[in-house]
Amino acid sequence: MKKTFLFTALAAALSLGISAAQAAEKLVVGATAVPHAEILELIKPELAKEGVDLQIKVFTDYVQPNVQLNEKRLDANYFQTKPYLDGFNKGKGATLVTGVGVHVEPFGGYSKKWKSIDQLPEGATVAIPNEGSNAGRALLLLQKNGLITLKDPTNALSTPKDIATNPKKLKFRELESALLPRALDQVDLDLINTNYALEAKLSPKKDALILEGADSPYVNYLVTRTDNAHTDAIEKLSKALTSQQVKDFINKKYDGAVLPAF
């Protein structure tokens, strides 16, 4: 009798366990490796406890995470700023939407040839991202440091064609963001997104000649579609991404290279 009772109880427990596993909602989120995927990995166990099976798909570029989200091959992505998303939506006729803002990655300019920005010579070659908002971000940083002026000093989508004055006759080399760290030996100044700088073992705090401050408006957002922006799983992910656990992790791990935006 006791054996029968134990067997029945065990079977019931196993059944409940299988049911709970089946009930876990899969959530596929696209991200670049550093720091986005690292932050997602941090909160994965907590989300599992809440019935969300977080699956992280790591990308090495900035295009496919939005393309795949728009095509419903992803449920969300976490890698970009709002100006970048606005540019994608406009160019592709998409309607992806920002959710919670998680962090800022102060954008910086690096050099292996010069120790300070004042040493940058006339005719120096400067590498910048070739994507709209990232190119504009790089040019705004150069303007802030007195190297150029733009026709519209506030235009976040400026390109080298929008430069009004260029006193040092800087020459611009436009590259995909992921390729910028590889160009560091080939140019005088290299404007690199912080996630790629970190992957290349560069410290924005120590190595950058010029760097955005904590007041940077370029917050990295969780991005979804309009049809799933308010689902239960996305709400749980949003809450986890803006938790004290994430804030403490960012402050400790990245030492100023990444700053919480909440």
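Residues numbered from 1 in each chain as written. Predicted model: local features only at pLDDT ≥ 70, side-chain atom pairs only at ≥ 80, totals over all residues. Heavy atoms only, no water.

By the naming in an unreviewed UniProt entry, the protein is Methionine-binding lipoprotein MetQ, taken from Pseudomonas graminis. Regarding the protein, the relevant UniProt record gives this comment under Sequence similarities (unreviewed entry): "Belongs to the NlpA lipoprotein family." (UniProt positions renumbered as here; feature names shortened; annotations may be inferred.)

## A look at the nonpolar core
In terms of nonpolar packing, the biggest core is built from 27 residues, with Val29, Leu40, Ile43, Tyr78, Leu237, Leu241 and Tyr254 touching the most fellow members. Among the secondary structure elements, those contributing two or more residues to this core are β1 (25–32), α2 (33–49), β2 (52–59), β3 (76–81), α8 (232–241) and α9 (244–254). With 6 residues, the single largest contributor to this core is α2. If you look at the next biggest cluster of nonpolar residues, it comprises 21 residues, including Leu120, Ile128, Ala138 and Leu191. (Core = buried A, V, L, I, M, F, W, Y, C linked by side-chain atoms within 4.5 Å. Buried < 20%, exposed > 50% of the residue type's maximum accessible area, 1.4 Å probe, protein only. Helix = DSSP H or I, 4+ residues; strand = E, 2+ residues; numbered from the N terminus.)

## Observations regarding the sheet that holds β1
Taken together, 6 strands build an open sheet; the order of strands is β2-β1-β3-β12-β4-β13 and the sheet is mixed. Both edges of this open sheet fall to β2 and β13 (259–260), since each of them pairs with a single strand only. Bridge count between β1 and β2: 8 bridges; the pairing is parallel. When the sheet's bridge partners are listed, Ala31 is paired in β2 with Val58. (Pairing = 2+ DSSP bridges.)

## Considerations on the packing of α2 against α8
The contact between α2 and α8 brings their axes to 10 Å, and the two run at 120°. Classified by the angle their axes make, α2 and α8 are oblique. At the point where α2 passes α8, the crossing takes the right-handed sense. In contact with Ile39, Leu40, Ile43 and Leu47 of α2, α8 contributes Lys236, Leu237, Ala240 and Leu241. When the residues that make up the contact of α2 with α8 are grouped by side-chain class, the tally is 7 nonpolar, no polar and 1 charged. (Axes fitted to C-alpha atoms, helices over the stretch in contact; angles between N-to-C directions. Parallel < 35°, antiparallel > 145°, perpendicular 65-115°, else oblique. Left-handed = near helix turned anticlockwise from the far one by under 90°. Contact = heavy atoms within 4.5 Å. Nonpolar A, V, L, I, M, F, W, Y, C, P; charged D, E, K, R; others polar.)

## Re unusual backbone geometry
Following Val34, the chain continues to Pro35 via a peptide bond in cis, the omega torsion being 0°. Turning to its location among the elements, Pro35 is positioned in helix α2. One non-glycine residue with positive phi stands out, namely Lys169, at about 50°.

## A word on the side chain of Thr32
Mapping Thr32 onto the fold places it in strand β1. For Thr32, a relative accessible area of 0% gives the class buried. One polar contact links Thr32 to His36, side chain to side chain, over a distance of 2.8 Å. What Thr32 contacts, discounting residues up to four positions off in sequence, is Ala37, Val58, Phe59, Asp61, Tyr62, Tyr78, Phe79, Asn195 and Tyr196. (Polar contact = N/O pair within 3.5 Å; in protein donor to acceptor, adjacent residues only side chain to side chain.)

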